[in-house]
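Each chain, letter by letter, is given below.
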Amino acid sequence: MQERYEPASIEAAAQAWWDGHRAFAATEDQSRPKYYCLSMFPYPSGRLHMGHVRNYTIGDVLARFMRMQGRNVLQPMGWDAFGLPAENAAMANGVPPARWTYDNIAYMKRQLKSLGLAIDWDREVTTCSPEYYRWNQWLFLRMLERGVAYKKTGVVNWDPVDQTVLANEQVIDGKGWRTGALVEKREIPMYYLRITRYADELLGALDTLPGWPERVRTMQANWIGKSAGVRFGFPYELGGERRVLNVFTTRADTIMGVTFCAVAAEHALAAHAAQTDSALAAFIEECKQGTAMEAELAQQEKKGMPTGLYVTHPLTQQPIPVWVGNYVLMGYGEGAVMGVPAHDERDFHFARTYGLPIRQVIQKAGHAFADDAWQAWYGDVEDTTCVHSGKYDGLEYAQAVATIAADLKTLGIGDTQVQWRLRDWGISRQRYWGCPIPLVHCPACGDVPVPDGSGNPLGKTAAFVECACPKCGQPARRETDTMDTFVDSSWYFLRFASADNAQVAVDERANYWLPVDQYIGGIEHAILHLLYSRFWTRVMRDLGLVRVEEPFQNLLTQGMVLNDIYFRKPASGRIVYFNPTEVEVRTDPAGQQSVFLKADGAPVEAGGIGTMSKSKNNGVDPQLLVEQFGADTARLFMMFAAPPEQSLEWSDQGVQGAYRFIRRLWKSVYEHVGLGVASSDVQAGELTGEQRDLRRQVHQTLVKVTDDIGRRRVFNTAVAAVMELMNSLDKFTDVTGPGRALRQEALEKIVLILSPIVPHICHALWQELGHPGAVIDVSWPEPDASALAQDSVEIVLQVNGKLRGRIVVPAAASEADIREAALADAAVLRWVEGKLIRKVIVVPGKLVNVVA
RNA sequence: GCCGGUGUGGCGGAAUUGGUAGACGCAGCAGACUCAAAAUCUGCCAAGGGCAACCUUGUGUCGGUUCGAGUCCGACCUCCGGCACCA
């Protein structure tokens with residue numbers, strides 16, 4: 001065995017062995033339980049970043065662990081290859097999007113391979129290739145046939161200078177990113193997918209996903225936003241015609257407190273009133289300015305203007321003024337809301353601003369109402385009763401809602417209704433680098449599907465747009481919009497199962513592999529990607545294509561990778577960011593840290609810590625890391641530095657620490673096998689006390705690592721446990737026969753349980769320990785119950801909850817024995833002296849708390 | 001603004017079901033080896049007090065429940081993710 005640990009040759013040899021044996025090619029095998037392990041596929045931005053390394057290492061550890069547990073593992077990889085950056089690169093560098101994308105894929109694939117991931121590359125899919133996106137088109141046409149896809153208008157960000165639609169990220173402070181022009185909202189025709197048809201099912205099925213993080217399920221449930229309430233109308237007359245203004249409310253108990261109604265700027269009533277009111281027309285125009293982004297809309301100042309129109313309160317017959325409010329969304333409900341200033345915080349501030357009356361109709365015992373400042377209880381529904389509400393006085397929330405809903409129903413003007421926050425999914429994008437929507441617009445036939453979904457995103461010229469109608473043959477225009485890239489990622493996990501089938505989108509193999517047993521990806525996808533995938537899978541189920549309905553059985557949302565940010569802000573001009581490798585941190589004797597640029601020795605400013613990104617220039621290139629330390633060090637650092645769900649802070653010293661541990665492991669095996677490979681057959685009955693202690697720790701570590709990886713899905717504590725064992729093993733200098741057998745056993749177990757995390761070095765060390773086969777083909781080790789047995793345990797002694805001592809008792813000691821031993825302890829006696837012992841709490845195996 | 005999360009030594013983090021706060025690692029300090037440095041190895045390492053045994057305080061802030069709270073409850077603060085055209 002070589003004395004020096006040389007990652008480059010060790011990793012090349014291990015990867016060559018796996019490739020040569022096609023070790024990770026997955027085939028359907030009914031005789032073993034399957035395990036589909038999937039990490040979210042990357043956008044081919046050009047270079048791998050640390051977030052990818054983290055994501056794919058987590059997946060790889062689980063895939064390799066499950067393989068050792070006897071599962072038939074599939075771990076595929078592909079490319080989420082359509083999207084805006086390719087268009088931006090094309091404009092910046094004059095490179096066609098296709099070439100830019102495929103070059104990036106080739107480069108990133110090499111980088112991924114250097115990490116030693118247990119991936120079945122035979123199943124690779126690329127969403128921008130026609131072999132993939134033709135099935136998007138085929139599925140879209142099936143949805144159109146079934147009414148799941150349909151056409152209506154939608155609001156987009158419009159740049160009036162460039163005459164183009166902008167993505168939300170291209171709008172900065174309400175202005176176009178290139179032109180700086182004020183962005184406008186514009187309505188254009190778009191295709192939508194009827195995800196709302198599945199709202200109830202998508203919500204209800206969240207309960208069938210115990211393997212998902214609670215917070216993700218909560219976020220999805222809130223996003224779908226089912227609310228039970230009352231829909232009712234305010235009657236009014238317009239041009240001699242009787243109409244009603246319909247609103248939805250979850251607070252029907254406050255209807256008697258309505259003092260105004262507010263409608264969206266796009267509402268028909270607003271438009272009508274604006275015909276004779278130029279100030280109102282101007283206000284409505286102002287509301288239509290700005291972006292279509294909900295986050296910005298929600299933060300802008302709440303403004304309103306009266307329409308001069310009145311509607312009638314359906315229960316009191318009072319006239320109610322109608323206002324236009326910039327905070328009322330046309331897309332939610334019917335674009336109109338009732339205003340109850342006394343019991344809705346937003347309405348309260350609106351009423352205070354515009355001097356509208358505030359009428360209390362809910363009271364709560366022990367709380368006084370005052371209309372000069374909002375108090376938290378005004379919005380409560382618990383322990384409240386109606387007041388100033390005529391016949392409804394004294395009713396509590398649920399009774400009031402039921403009674404008022406019944407009355408509105410009797411009047412024929414309202415009823416209970418379930419309302420959803422979820423909106424249909426608009427998939428049209430006015431972009432070049434995306435999956436073409438396979439339709440032709442014919443003046444005679446309307447929207448006509450392109451047979452077999454043909455269409456080429458590489459030719460949006462007149463030759464592309466002008467075509468013959470597939471139905472009647474007359475001149476027609478081809479649809480030029482492409483699909484949202486979320487379409488591509490909504491079913492790629494199904495395609496992996498049938499990647500080589502050119503005849504159909506998915507075949508029977510999808511039913512073998514799905515659902516994905518473990519899905520791993522960023523928390524930023526908690527809502528949209530995961531919800532769209534759940535929806536799309538159900539649509540495919542309803543088309544009879546697959547039997548699965550929930551695509552992802554278990555979900556792990558990994559945290560971001562962060563690094564320090566350093567910059568200089570010149571008196572004039574832009575902030576310049578420096579990569580952490582370009583600066584030097586100095587600590588003065590007082591402990592004050594200051595940072596200097598290595599290049600010129602002058603100070604730079606520390607900007608805290610943030611996600612590794614190009615814009616902050618704080619990324620670390622995985623390539624350099626692998627070249628310098630090897631993939632195993634990169635993987636070990638990623639798994640050790642933080643638990644997978646938390647953000648991870650980059651640390652060069654932490655990488656050094658991981659490298660140091662790997663070298664120690666190598667050295668430990670080197671020194672052991674230098675004396676000759678021993679048999680790991682430990683004669684348990686003949687061990688000394690010290691030997692028994694070490695052996696117990698070996699098997700305790702086995703139990704802990706199995707539980708950490710297999711059940712808890714945390715790897716940093718698993719690595720820490722192995723480090724502790726290594727520390728003990730280094731202190732264990734016993735070279736007797738049983739001692740060497742024990743060391744052989746310990747090293748073998750360490751190599752086995754570390755092999756999912758650092759597979760290359762373990763591949764080499766397993767052979768050095770005297771085994772002819774490959775470590776990936778060895779079963780995960782089982783702990784030995786007899787090694788775990790303990791004869792005595794330490795019990796912590798507390799007096800009044802404070803730690804005062806410890807005793808060692810036989811493991812089999814009864815509660816009474818422990819109690820007696822504790823009360824006889826000198827430290828306990830000292831602390832209870834002169835006090836009456838009121839209570840003694842004994843937790844067997846843990847502690848005794850004496851309350852005095 | 002709304003929804004979801006987060007906060008523990010100098011730093012990353014551990015404490016799994018309410019039961020010993022700070023495992024493991026990094027940095028630092030001291031020592032060994034070395035002509036020297038690097039590497040490696042050994043020891044120390046929350047704060048305050050004490051010669052010491054040991055004591056007091058301490059998990060973002062304030063309050064509560066409990067024999068016992070980092071963990072549960074209420075209010076607040078901070079930072080992070082999402083908000084439907086970044087992926």
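Residues numbered from 1 in each chain as written. Chains lettered and ligands numbered in written order. Predicted model: local features only at pLDDT ≥ 70, side-chain atom pairs only at ≥ 80, totals over all residues. Heavy atoms only, no water.

A look at the overall build of chain A
(1) Moving on: Across its full length, chain A holds 27 helices and 37 strands.
(2) Moving on: The buried share of chain A, reckoned over its 852 residues, is 51%.
(3) Moving on: Intrachain contacts of chain A at a sequence separation of at least 6 include 71% that bridge at least 24 residues.
(4) Moving on: In the structure as shown, chain A presents an accessible area of about 38,900 Å², 51% of it carried by carbon and sulfur atoms.
(5) Moving on: A gap of 1 Å separates the mean positions of the 87 positive and 99 negative side-chain charges of chain A. (Helix = DSSP H or I, 4+ residues; strand = E, 2+ residues; numbered from the N terminus. Buried < 20%, exposed > 50% of the residue type's maximum accessible area, 1.4 Å probe, protein only. Contact = heavy atoms within 4.5 Å. Areas by Shrake-Rupley, 256 points an atom, 1.4 Å probe, with all protein chains shown as cover. Lys, Arg positive; Asp, Glu negative; His and termini not counted. Charge placed at Lys NZ, Arg CZ, Asp CG, Glu CD.)

Examining the confidence of the model for chain A
Close reading of the predicted structure is inappropriate where its pLDDT is low.
(1) Moving on: Summary statistics for chain A give a mean pLDDT of 91 and a share of 98% for residues scoring 70 or more.
(2) Moving on: Reported confidences for the modelled complex are a pTM of 0.93 and an ipTM of 0.95. (pLDDT = per-residue confidence, 0-100.)

Here we look at the sheet that holds strand β5 (residues 149-159)
(1) Moving on: Across the sheet, 4 strands lie side by side as β6-β5-β9-β19; this open sheet has antiparallel pairing. Looking at the sheet topology across the chains shown, the edges are occupied by β6 (164-166) and β19 (425-426).
(2) Moving on: Of the strand pairs in this sheet, strand β9 (residues 184-193) and β19 are connected by 2 bridges, and their pairing is antiparallel. Considered in β19, the bridge of Tyr-192 is made with Gly-426.
(3) Moving on: Sitting on the sheet, helix α5 (residues 130-145) touches β5 and β9, and the angle it makes with β5 is about 115°. (Pairing = 2+ DSSP bridges. Axes fitted to C-alpha atoms, helices over the stretch in contact; angles between N-to-C directions.)

Description of the pattern of salt bridges
(1) Moving on: In the structure shown here, the tally under the stated rule is 43 salt bridges.
(2) Moving on: With a closest N to O distance of 2.6 Å, Asp-380 and Lys-364 form a salt bridge. In this pair, Asp-380 is assigned in the loop between β16 (362-364) and β17 (384-386) and Lys-364 in strand β16, connecting sequence segments 16 residues apart.
(3) Moving on: Each of Glu-201, Arg-534, Arg-538, Arg-541, Asp-542, Glu-549 and Glu-550 takes part in salt bridges that share partners, so that together they form one network. (Salt bridge = Lys/Arg side-chain N within 4 Å of Asp/Glu carboxyl O.)

Regarding the protein's contact with RNA strand B
(1) Moving on: Around RNA strand B lies a shell of 71 residues, among which Arg-429, Arg-431, Arg-660, Lys-704 and Asn-849 are the nearest.
(2) Moving on: Considering RNA strand B, the proportion of its atoms within 4 Å of the protein that are sugar or phosphate atoms stands at 63%.
(3) Moving on: Contact between RNA strand B and Arg-215: a sugar or linking oxygen at 3.3 Å from a side-chain N or O atom of the residue.
(4) Moving on: Gln-430 places a side-chain nitrogen or oxygen 2.7 Å from a base nitrogen of RNA strand B.
(5) Moving on: Of the residues assigned to the surface near RNA strand B, the class counts are 27 nonpolar, 19 polar and 25 charged. (Near = heavy atom within 4 Å. Polar contact = N/O pair within 3.5 Å; in protein donor to acceptor, adjacent residues only side chain to side chain. Nonpolar A, V, L, I, M, F, W, Y, C, P; charged D, E, K, R; others polar.)

Observations regarding the layout of surface pockets
The gaps left among the atoms become clear once a water-sized probe is rolled over them.
(1) Moving on: Empty space within the second largest pocket amounts to approximately 930 Å³.
(2) Moving on: For the lining of the second largest pocket, the secondary structure elements donating two or more residues are β10 (226-238), β11 (241-249), α10 (294-299), β15 (336-339) and α11 (345-354).
(3) Moving on: Along the lines of polarity and charge, the residues of the lining of the second largest pocket split into 11 nonpolar, 11 polar and 10 charged. (1 Å grid on protein atoms, 1.4 Å probe; cavity = no way out; pocket = protein on both sides within 12 Å on 5 of 7 lines; lining within 4 Å. Points joined across faces, edges and corners; volume = space filled by probe spheres on them.)

Things to note about the nonpolar core
(1) Moving on: Formed by 156 residues in total, the largest nonpolar core has its most connected members in Phe-140, Trp-491 and Leu-494.
(2) Moving on: A total of 10 residues in this core trace back to one element, the largest contributor, which is helix α2 (residues 50-68). (Core = buried A, V, L, I, M, F, W, Y, C linked by side-chain atoms within 4.5 Å.)

Some words on the sheet that holds strand β14 (residues 319-325)
(1) Moving on: Reading across from one edge, β13-β14-β12-β15 is the order of the 4 strands in this open sheet, with mixed pairing throughout. Each edge of the open sheet is held by one strand with a lone partner, namely β13 (304-312) and β15. Each strand axis lies, on average, 30° off the axis of its neighbour in the sheet, ignoring direction.
(2) Moving on: Pairing between β13 and β14: 6 bridges, direction antiparallel. Across the sheet, residue Thr-312 finds its bridge partner in β14, namely Pro-319.

Remarks on the side chain of Asn-511
(1) Moving on: The residue Asn-511 is located in helix α16 (residues 509-513) in this model.
(2) Moving on: A distance of 2.9 Å separates the side chain of Asn-511 from the backbone nitrogen of Arg-547, its partner in a polar contact.
(3) Moving on: Leaving out residues up to four positions away in the same chain, Asn-511 has contacts with Val-546, Arg-547 and Val-548.

Focus: the pairing of β5
(1) Moving on: Note: β5 against β9, 10 bridges, orientation antiparallel. Among the inter-strand pairings, Gly-154 is bridged to a residue of β9, identified as Ile-188.
(2) Moving on: Pairing between β5 and β6: 3 bridges, direction antiparallel. Its bridge partner being in β6, Asn-157 is matched across the sheet by Leu-166.

Focus on the packing of aromatic side chains
(1) Moving on: By the definition in use, this model includes 37 aromatic pairs.
(2) Moving on: Between Phe-369 and Trp-377 the ring centres are 6.4 Å apart and the planes differ by 85°, which places this aromatic pair in the edge-to-face class.
(3) Moving on: Under the relative-accessibility criterion, Trp-377 is labelled buried at 5%.
(4) Moving on: On the basis of an interplanar angle of 70° and a centroid distance of 5.6 Å, the ring pair of Tyr-492 and Phe-496 is categorised as edge-to-face.
(5) Moving on: By relative accessible area, which is 0% here, Phe-496 ends up buried.
(6) Moving on: Joined through ring pairs, the aromatic side chains of Phe-41, Tyr-492, Phe-493, Phe-496, Tyr-519 and Phe-552 make up one cluster.
(7) Moving on: The aromatic ring of Tyr-192 is capped on one face by Lys-152, whose charged end is 4.6 Å from the ring centroid. (Phe/Tyr/Trp six-rings, centres within 6.5 Å; stacked < 30°, edge-to-face > 60°. Lys NZ or Arg CZ within 6 Å of the ring centre and 35° of its normal.)

Remarks on the environment of Leu-530
(1) Moving on: Among the secondary structure elements, Leu-530 is positioned in helix α17 (residues 528-542).
(2) Moving on: Among the residues examined, Leu-530 registers a relative accessible area of 0% and is labelled buried.
(3) Moving on: Along the sequence, Leu-530 and Ser-489 sit 41 residues apart, while their C-alpha atoms lie 9.3 Å from each other.
(4) Moving on: Once residues lying within four places of it in the same chain are set aside, the contact partners of Leu-530 are Met-40, Trp-212, Val-216, Gln-220, Tyr-519, His-525, Phe-552 and Leu-555.

Considering the packing of helix α1 (residues 7-20) against helix α24 (residues 759-768)
(1) Moving on: Running from N to C, α1 and α24 point in directions that differ by 85°, and their axes come no closer than 8 Å. The angle between α1 and α24 falls in the class roughly perpendicular. Note on element contacts: α24 touches α1 through Pro-759, His-760, Ile-761, His-763 and Ala-764, opposite Ile-10, Glu-11, Ala-14, Gln-15, Trp-17 and Trp-18.
(2) Moving on: Residues of the contact of α1 with α24, tallied by class, amount to 7 nonpolar, 3 polar and 1 charged. (Parallel < 35°, antiparallel > 145°, perpendicular 65-115°, else oblique.)

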